[in-house]
Amino acid sequence: MKRAIIAAFAAIILGSGAYADTIKIGVVGPFSGPFALQGKNFKAGIDAYMAMHGTTVGDDTVKIIYRDLPAADPAQSKALAQELVVKEKVQYLAGFYFTPDAMAVTPILKQADVPLIVMNAATSAIVTKSPLVVRTSFTTWQTSTPIAKVAHDAGVAKVISIVSDYGPGIDAENAFKAGFEKEGGAVVEAIRMPLSTNDFSPIMQRIKDSGAQGVFAFLPSGPTTLGFVKAYNENGLKAAGIKFFAPGDLTQESDLPALGDAALGIQTTFHYAVSHDSPENKAFVEAASKAIGNPAELSFPSVGAFDGMNVIYKMIEATGGEQDAQKAVDAVKGLSWISPRGPVSIDPESRHITQNIYLREVTKADDGSYYNKEIQTFEKQGDPGLAAIK
Amino acid sequence: MQTVFSIAIDAFAYGMVLFVISIGLSVTMGLMRVVNLAHGAFAMIGGYIASYAAQHLGLGYAVAVLLAVVGTVIIAIPIERLLYRRIYGAPELTQVLMTIGITFCIIGIANYVFGPTLKTIPLPPALQGSADLGFRSIAVHRLFAIVCGLAVAGGLWYAIEKTAFGVKLRASVDNASMAAALGVRTEIIYAISFAVAVGLAAFGGVLGAELLPVEPYYALRYMVTFLVVVSVGGAGSIPGALLACLVLGGIDTTGRYLMPEFGEFFFYLAVIAIICVFPRGLAGRAR
């Protein structure tokens, strides 16, 4: 019975795919709720790509179907993906802000014959779960490793690591530790604090008492980051010369107006800054700003979505609109192009994006707004996290 | 020793911020017997008004605070007259459903009007920066929050325990129909207490914004913390709430300093222990 249902599924999917002249892409992301801003950025990136490159590939029209997943919820994520595949008959699944949501979808890809293009979820392991996963965002390992070199080059030998106690936080802690110890530095203490922490004064006291010359921090962007950076300034750590290192999640562009002067001078490493100086990025920012409405809300998930669309368009081109997930994924292995963030390519082995990671410093522009100023480039960074989990 | 002092100072400051934000809820829950889950929403409205006034209208901090309190009360008046009046004396479940509904509406409206990004309330130069206490430095606005917390505690205690209004309020709460029979206008008493509670929520929202930044999900994010403070302190008791804030602030801060990995384990352990020993809270009144 089960076999028969599966066969029926496959028949429906294959049958409809072959004759479809409208190619549907199912995008799952947080479009409402506390993370709605990130979902909005997905949509802005996708809209920008379609505004710049048209809504047709060859003879086929591309149609995006959005599904809202307000918070990390693997069961709901899987249900939405199944609904998209079975009822909407999508040929591609894309989006996914949180790691658990993307992980939950990987088991159905082969059976559904659908590739998954991850536009944000940043845990290294996702790409190993299915050969049909391609990722166009970044991993926490990828963005956190170069900052270890920055810290070492700044003459810091002892660092205390402070992260929020959840998946990406632990990834960041491990990535920094591995990178920093390779450079010859020492992580004197590694603290994991609960996600719900509001008052960071005791943590700041702990940093002071540890005798470290610098602090490496990772927190989810939003209210907690604001509290942390303010506490860092107010408790006199900045004045005491304790240096602050973090991946770029902490200084994402949409938080900068709120962080204000408190963030000035903070150095972070990340794969994309809205201020990146290139003609590709200029065109992208213009189109994406138009799509999102308020340019101040534009941030990194938009570029992951933009490049994700580029990958999907290439896949549609390669398969001629036929449903063939393996062929589609094979077609983009090794694909390289100039993204708004700089030159990128899809690593044929891991199917993760290889890209430049930039060291940026929060700087005040002439018009009083704050931006991430790129000051150093680490070229062609792969994902060191994959080696670490093997 | 220095570390002990440091933790004590942090604990005291955190406790006072908690107190200012939660005390309004203690008033509605203890004195008016309304489980007001929309308390955080009113605090958030206060934060948004202050942020808008300070950032877009360019008003000073004091004016922004005043405007936030008054503005939130004005917004709350029709809500009280049309919605809350129906649930006075209703079963708790009805009150919870109604107020959580109001909270979701306010979150949606705030998200639509102000967008999902963080809003800050710029501090005046006098409250910026940090003060040197000799052995460590502390943010000036924390000292300000401590002073405000003490002032609010003292003012409320005086108003409820020592004034004619306080007598009428306590009478209305204990037995509304008897108080009404004795010529107390209970409706007006309730309306004024509600306004005060909402005003305090708004004040707390603005004052605590440095610690709990204003964004649309503020209303739900910190709800548990507010409820914990009220239930540990004993609903309606000003000294109880003050004591609860200081105890919880102390435990939370110490736990976070010594064993951050345990997270809020000690905080909730303390809550469970206190509620087991004092089911009505530290200073709760028997009914």
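A few words now on the overall build of chain B. Looking only at helices and strands, chain B features 12 helices and 2 strands. Going from N to C terminus, chain B has its helices and strands arranged as α-α-α-α-β-β-α-α-α-α-α-α-α-α. Relative to the 2.2 N^0.38 estimate, which gives 19 Å for 287 residues, the radius of gyration of chain B is 19 Å and therefore close to what a compact globule would have. Expressed as a percentage of its 287 residues, the buried residues of chain B come to 54%. Long-range pairs, those at least 24 residues apart, make up 74% of the contacts in chain B with a sequence separation of at least 6. If you sum the accessible surface of chain B, you get close to 12,300 Å²; carbon and sulfur atoms cover 71% of it. When the 16 positive and 12 negative side-chain charges of chain B are each reduced to one mean point, those points stand 11 Å apart.

On a plain count of helices and strands, chain A comes out with 14 helices and 15 strands. Relative to its length of 390 residues, chain A is compact, with a C-alpha radius of gyration of 21 Å against a globular reference of 21 Å. Projected onto its principal axes, the C-alpha coordinates of chain A cover approximately 65 × 45 × 35 Å. The buried share among the 390 residues of chain A stands at 59%. Within chain A, contacts between residues at least 6 apart in sequence are counted, and of these 69% link residues at least 24 apart.

All right, on to the interface of chain A and chain B then. Taken together, the contacts link 31 residues of chain A with 34 residues of chain B. Carbon and sulfur atoms make up 54% of the surface buried where chain A meets chain B, a total of about 2,800 Å² over both sides. The tally of links from chain A across to chain B stands at 2 salt bridges. In this structure, Arg142(B) engages Asp199(A) in a salt bridge whose closest nitrogen and oxygen atoms are separated by 3.0 Å. Taken together, the links from chain A to chain B amount to 8 residue pairs in polar contact (both at pLDDT 80 or more).

Right, let's talk about the pattern of salt bridges for a bit. Two side chains with opposite charge may pair up if their charged atoms get near one another. Residue and element names in this part refer to chain A. On inspection of all chains with the given rule, the structure shows 17 salt bridges over all chains. Glu297 serves as the salt-bridge partner of Lys40, at 2.8 Å between the closest nitrogen and oxygen. With Lys40 in helix α2 (residues 36–53) and Glu297 in the loop between α11 (279–292) and α12 (301–319), this residue pair connects regions lying 257 residues apart in the sequence. Residue class for Glu297 comes out buried when judged on its relative accessible area of 5%.

This paragraph deals with the packing of helix α2 (residues 39–55) of chain B against helix α3 (residues 61–87) of chain B. Residue and element names in this part refer to chain B. At a closest axis distance of 8 Å, the pairing of α2 and α3 adopts a crossing angle of 140 degrees. Classified by the angle between their axes, α2 and α3 sit oblique to one another. Considering the relative orientation of α2 and α3, their crossing is right-handed. On α3, the residues touching Phe42, Ile45, Gly46, Ile49, Ala50, Ala53 and Ala54 of α2 are Ala64, Leu67, Ala68, Gly71, Thr72, Ile75, Ala76, Ile79 and Tyr84. Its residues assigned to classes, the contact of α2 with α3 comprises 13 nonpolar, 3 polar and no charged.

All right, on to the environment of Ala112(A) then. Residues and elements named next belong to chain A. Examined against the element boundaries, Ala112 turns out to sit in helix α5 (residues 109–112). Exposure remark for Ala112: the relative accessible area of 7% places this residue in the buried category. Linking Ala112 and Lys89, residues 23 residues apart in sequence, is a C-alpha distance of 9.5 Å.

Residue and element names in this part refer to chain A. Neither face of strand β4 (residues 92–95) is left uncovered, since the one carrying Tyr92 and Ala94 and the one carrying Leu93 and Gly95 both have all their residues buried. Sheet topology note: the strand β1 (residues 22–29)/β4 ladder contains 4 bridges and is parallel. Paired with Ile25 across the two strands is Tyr92, which belongs to β4. Pairing analysis gives 3 bridges linking β4 to strand β5 (residues 116–118), with the strands arranged parallel. Bridge pairing in β5 places Ala94 opposite Ile117.

This part takes up the packing of aromatic side chains. Scanning the entire structure with this criterion turns up 25 aromatic pairs over all chains. Both rings, one in Phe31(A) and one in Tyr66(A), keep their centres 5.2 Å apart while their planes meet at 80 degrees; by these two values the pair is edge-to-face. Linking Phe31(A) in the loop between β1 and α2 with Tyr66(A) in strand β3 (residues 60–68), this pair joins segments that are 35 residues apart in sequence. Taking 4.2 Å as the distance between ring centres and 10 degrees as the angle between the ring planes, the aromatic pair formed by Phe176(A) and Phe216(A) counts as stacked. Of the two residues, Phe176(A) is situated in helix α7 (residues 167–183) and Phe216(A) in strand β9 (residues 214–218); the sequence distance between them amounts to 40 residues. Among the aromatic side chains, those forming a connected cluster through ring pairs are Tyr49(A), Tyr272(A), Phe284(A), Phe306(A) and Tyr313(A). The positively charged end of Arg206(A) is found above the aromatic ring belonging to Tyr257(B), 5.9 Å away from the centroid.

Here we take up a nonpolar patch on the surface. All names here are of chain B. A cluster of nonpolar side chains, contributed by Tyr52, Leu57, Leu59, Val63, Leu67, Ile109, Tyr112, Val113 and Phe114, occupies part of the molecular surface with about 890 Å² of accessible area. Among the secondary structure elements, those contributing two or more residues to the nonpolar patch are α3 and α4 (92–114). Top element by residues in the nonpolar patch is α4. It accounts for 4 residues. Locating Leu57 in the fold gives a position in the loop between α2 and α3.

Residues and elements named next belong to chain A. Judged by pairing direction, the sheet is mixed, and its 6 strands sit side by side in the order β2-β3-β1-β4-β5-β6 without closing on themselves. Edge positions in the sheet fall to β2 (56–57) and β6 (133–135), since each of these pairs with one other strand and no more. Looking at chain direction, β5 and β6 are connected through 3 bridges and run parallel. Residue pairing across strands places Ile117 opposite Val134, the latter belonging to β6. Where helix α3 (residues 74–86) meets the sheet, it contacts β1, β3 and β4, and its direction lies at approximately 150 degrees from that of β3.

Moving on to the confidence of the model for chain B. All names here are of chain B. On average, residues of chain B score 87 in pLDDT, and 99% of them are at 70 or above. No element of chain B has a lower mean pLDDT than strand β1 (residues 130–132), which averages 77, and none a higher one than α2, which averages 93. Reported for the predicted complex are a pTM of 0.79 and an ipTM of 0.72.

Bringing unusual backbone geometry into the picture now. Residues and elements named next belong to chain A. Residue Asp113 is not a glycine yet carries a positive backbone phi of 60 degrees. Here the phi dihedral of Lys380 falls at roughly 45 degrees; this positive angle occurs in a residue that is not glycine. The exposure class assigned to Lys380 is exposed, which follows from its relative accessible area of 69%.

What counts, and where the lines are drawn
Residues numbered from 1 in each chain as written. Chains lettered and ligands numbered in written order. Predicted model: local features only at pLDDT ≥ 70, side-chain atom pairs only at ≥ 80, totals over all residues. Heavy atoms only, no water. Helix = DSSP H or I, 4+ residues; strand = E, 2+ residues; numbered from the N terminus. Rg over C-alpha atoms; globule rule 2.2 N^0.38 Å. Buried < 20%, exposed > 50% of the residue type's maximum accessible area, 1.4 Å probe, protein only. Contact = heavy atoms within 4.5 Å. Areas by Shrake-Rupley, 256 points an atom, 1.4 Å probe, with all protein chains shown as cover. Lys, Arg positive; Asp, Glu negative; His and termini not counted. Charge placed at Lys NZ, Arg CZ, Asp CG, Glu CD. Buried area = accessible area lost by both parts, 1.4 Å probe. Salt bridge = Lys/Arg side-chain N within 4 Å of Asp/Glu carboxyl O. Polar contact = N/O pair within 3.5 Å; in protein donor to acceptor, adjacent residues only side chain to side chain. Axes fitted to C-alpha atoms, helices over the stretch in contact; angles between N-to-C directions. Parallel < 35°, antiparallel > 145°, perpendicular 65-115°, else oblique. Left-handed = near helix turned anticlockwise from the far one by under 90°. Nonpolar A, V, L, I, M, F, W, Y, C, P; charged D, E, K, R; others polar. Pairing = 2+ DSSP bridges. Phe/Tyr/Trp six-rings, centres within 6.5 Å; stacked < 30°, edge-to-face > 60°. Lys NZ or Arg CZ within 6 Å of the ring centre and 35° of its normal. Patch = residues over 30% accessible without salt bridge, like charges linked within 9 Å, V, L, I, M, F, W, Y side chains within 5 Å. pLDDT = per-residue confidence, 0-100.

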